[in-house]
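A look at the structure
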Amino acid sequence: MKFPDPSAKRAIPAVDAVLNELGDINLPRRVVVNVIRRELASIRRKQAVPGRELIMDQVRQRLSRLMQSRIQRVINGTGTVIHTNLGRAPLGPESVSALAEIGGRYSNLELNLESGKRGGRAVYLEHNLAVLCGSDSATVVNNCAAALVLIVKHYCTDDRPDVVISRGELIQIGGGFRIPEILEASGARLREVGTTNRTTVQDYVRAMGASTGLVLRVHRSNFFMEGFVEAPPIRELVTAARKKRIPVVEDLGSGALIHTDRALGIEHEPMPSESLQAGVDLVCFSGDKLMGGAQAGVIAGKGRVVSALKKHPLYRALRCDKLALASMQACVDAYLAGEEDTAVPVISMLSVPVDALQCRADAIREAAEKSTLDISVRSGTTRVGGGTLPRATMDSIVLELRSATRSAAELSVQLRTGSPPVVATISGNRVRIDLRTVLPAEDEALTAAILAVGQMC
Ligand SMILES: *Cc1c(COP(=O)(O)O)cnc(C)c1O
């Protein structure tokens, strides 16, 4: 066994020396010192002590990785509109100014201005959400997963612990989030019915009994099934469950608040109002998927149930903060005013005509003419993303970049680590930037980023 050479240990620089040599770093000094200490400590544990340059490089690399991990804006060139890794829905200008207005000041969050007494937290938002969803009543919690937890906690009691759910809907939705696991973690007992591809009303009926707390329908996300596939229409399921006085809840996932077929020319995404009209007791859906608002879980349905949910002790742990409420309030009002195609970026991006994208692409290519990169404008396809409408694609326009000296993989790393970072996709030896997911106000920054990367080649 070899022991570290004590004289080599003496060659390890002091924290102050490293700090001085680093020069200006855009991080709090305490953080820089902490990173240096850890790095030097790990070197001290090693048998071979690296040279000073290598030590400095390692420290710089750690600091730069840390810097990059800060939440920062990025330009989304992926062509996936609702991209969970990129923060899902960008907020519209009204939502953003609501954040500043309410976040930077006091507000009447829980004050009834007329009586001067304590008031409800989200009276206005809940009222207008109910109008928008065509429901008796509505509320919001932290996200759709939280909505499911709360709903299951409410309906599934010790003597009625069962959630009846189709085997075709026991799905995983990105990021290791599995519907069956969240149901079980909420204390429910799964009563799986049917098969992966086919579940009939009779399957549900046979499973519904004295121990059933609720029947749950989950809108399939991230994938679609084709061929020998069957699931009962929600109306039939509601009729069957009603006979046994068992509540039906539908987790719509993204929850479209516009007719995606009529307004966007893609397939129809079920709307909360449709499920509620069909008689389900509650629907839940995410605020930051197709709705295009803040992270939230919307619950809409029967007034009696929504009130009970709000009285559940867990509600307090799952409720939204004032920023989410303020932002959702602006988003909901944009829909109610019929202004979603201009005020809700997700909807604007999905509805912008290809011609407009073509113009922007041509302008960017022209502005980046001096770039050493080969830039061309091509047609492409955008996806909705966020587990919404997995089959639906929209025509789009992409900028294709190619370098004579760098691989597409290298180019895309340079774009991602630039300022602001640009997230693109790779196809063969080209990097592709879909303009449908680039906000129009970012065209200039995108042009600058392309020019900057070109200079490195
Ligand atoms: C996305 C999704 C969820 C989770 O929503 P979050 O708001 O991310 O918690 C739940 N159910 C379905 C069907 C979904 O698509």
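Because the structure is predicted, anything quoted here is derived from the model rather than measured.

In this section: the overall build of the chain. Scanning the chain from terminus to terminus reveals 20 helices and 14 strands. Reported as C-alpha extents along the three principal axes, the dimensions of the chain are approximately 80 × 60 × 55 Å. The buried share among the 457 residues of the chain stands at 48%. Residue pairs at least 24 apart in sequence account for 72% of intrachain contacts in the chain once pairs closer than 6 positions are excluded. Of the roughly 22900 Å² of accessible surface on the chain, 50% is carried by carbon and sulfur atoms. Side-chain charges of the chain comprise 57 positive and 49 negative groups, with the mean position of each set lying 8 Å from the other.

With that settled, the discussion passes to the pairing of strand β7 (residues 248-253). Counted residue by residue, β7 has six buried out of six residues, so it is predominantly covered. Where burial is concerned, the two faces of β7 agree: the one with Val 248, Glu 250 and Leu 252 and the one with Val 249, Asp 251 and Gly 253 are both buried. Here strand β6 (residues 212-218) pairs with β7 via four bridges, running parallel. Looking at β7, one finds that Arg 217 is bridged to Glu 250. Relative to strand β8 (residues 282-286), β7 runs parallel, the two sharing four bridges. Each bridged residue has a counterpart across the sheet, and for Gly 253 the counterpart in β8 is Phe 285.

With respect to burial, β8 is a largely interior element, five of its five residues being buried. Here β8 shows no split at all, with Leu 282, Cys 284 and Ser 286 on one side and Val 283 and Phe 285 on the other all buried. By the bridge criterion, five bridges tie β8 to strand β9 (residues 297-301) in an arrangement that is antiparallel. Bridge pairing in β9 places Leu 282 opposite Gly 301.

As a further point, take the nonpolar core. Ranked by internal contacts, the top residues of the largest apolar core, which has 61 residues, are Leu 125, Leu 129, Val 215, Met 291, Tyr 335 and Leu 350. When residues of this core are sorted by domain, at least three fall in each of domain 2 (75-87 + 348-456) and domain 3 (93-343). Each residue touching Leu 350, except ones within four places of it in the same chain, is listed here: Val 81, Leu 264, Leu 290, Val 384, Met 394 and Arg 436. One finds Tyr 155, Ile 179, Ala 188 and Leu 282 within the second-largest nonpolar core, a separate group that totals 33 residues.

A word on the sheet that holds strand β13 (residues 425-427). Here five strands make up an open sheet; going across it, the order is β2-β10-β11-β14-β13 and the pairing mixed. Either end of the sheet is taken by a strand with one partner, and the two such strands are β2 (80-82) and β13. Across the sheet, the mean angle from the axis of one strand to that of its neighbour is 40°, orientation sign disregarded. Bridging between β2 and strand β10 (residues 374-385) involves two bridges; their strand directions are parallel. Across the sheet, Thr 80 pairs through a bridge with Arg 383, a residue of β10. Those strands touched by helix α19 (residues 408-416) are β11 (388-402), β13 and β14 (430-434), and its axis lies near 40° from that of β14. Together, β10, β11 and β14 form the strand contacts of helix α20 (residues 443-456), whose direction differs from that of β11 by roughly 50°.

Each assigned domain of the chain is listed with its residue range as follows: domain 1 (6-68), domain 2 (75-87 + 348-456) and domain 3 (93-343). On a C-alpha basis, the centres of domain 1 and domain 2 stand 37 Å from each other.

Turning to the packing of helix α7 (residues 144-155) against helix α13 (residues 303-311), a few remarks are in order. Where α7 contacts α13, the two axes come as close as 10 Å, and the packing angle between them is 100°. Considering their axes alone, α7 and α13 lie roughly perpendicular with respect to each other. Taken together, the residues of α13 that come into contact with α7 (itself represented by Leu 150, Ile 151, His 154 and Tyr 155) are Val 305, Ala 308 and Leu 309. A class-by-class count of the residues in the contact of α7 with α13 yields six nonpolar, one polar and no charged.

Take the packing of aromatic side chains next. The full count for this structure, using the stated rule, is zero aromatic pairs. Seen from the ring of Phe 228, Arg 198 lies directly overhead, with NZ or CZ sitting 3.7 Å from the centre.

What follows concerns the pattern of salt bridges. All told, the structure shown has 23 salt bridges when counted by the stated rule. Each of Asp 374, Arg 378, Glu 400, Arg 402, Arg 430 and Arg 432 takes part in one network of salt bridges that share partners.

Strand order across the open sheet formed by seven strands is β3-β9-β8-β7-β6-β4-β5, with mixed pairing between neighbours. The open sheet has two free edges, formed respectively by β3 (137-141) and β5 (189-193), since each of these has just one partner strand. Averaged over all pairs of adjacent strands, the angle between their axes in this sheet comes to 25°, without regard to strand direction. The sheet contact formed by strand β4 (residues 162-166) and β6 spans three bridges and is parallel. Of the residues in β6, the one forming a bridge with Val 163 is Leu 214. On the sheet, α13 packs against β3, β8 and β9 and is oriented at approximately 30° with respect to β3.

Procedures and definitions
Residues numbered from 1 in each chain as written. Predicted model: local features only at pLDDT ≥ 70, side-chain atom pairs only at ≥ 80, totals over all residues. Heavy atoms only, no water. Helix = DSSP H or I, 4+ residues; strand = E, 2+ residues; numbered from the N terminus. Buried < 20%, exposed > 50% of the residue type's maximum accessible area, 1.4 Å probe, protein only. Contact = heavy atoms within 4.5 Å. Areas by Shrake-Rupley, 256 points an atom, 1.4 Å probe, with all protein chains shown as cover. Lys, Arg positive; Asp, Glu negative; His and termini not counted. Charge placed at Lys NZ, Arg CZ, Asp CG, Glu CD. Pairing = 2+ DSSP bridges. Core = buried A, V, L, I, M, F, W, Y, C linked by side-chain atoms within 4.5 Å. Domains from an automatic or database assignment. Axes fitted to C-alpha atoms, helices over the stretch in contact; angles between N-to-C directions. Parallel < 35°, antiparallel > 145°, perpendicular 65-115°, else oblique. Nonpolar A, V, L, I, M, F, W, Y, C, P; charged D, E, K, R; others polar. Phe/Tyr/Trp six-rings, centres within 6.5 Å; stacked < 30°, edge-to-face > 60°. Lys NZ or Arg CZ within 6 Å of the ring centre and 35° of its normal. Salt bridge = Lys/Arg side-chain N within 4 Å of Asp/Glu carboxyl O.

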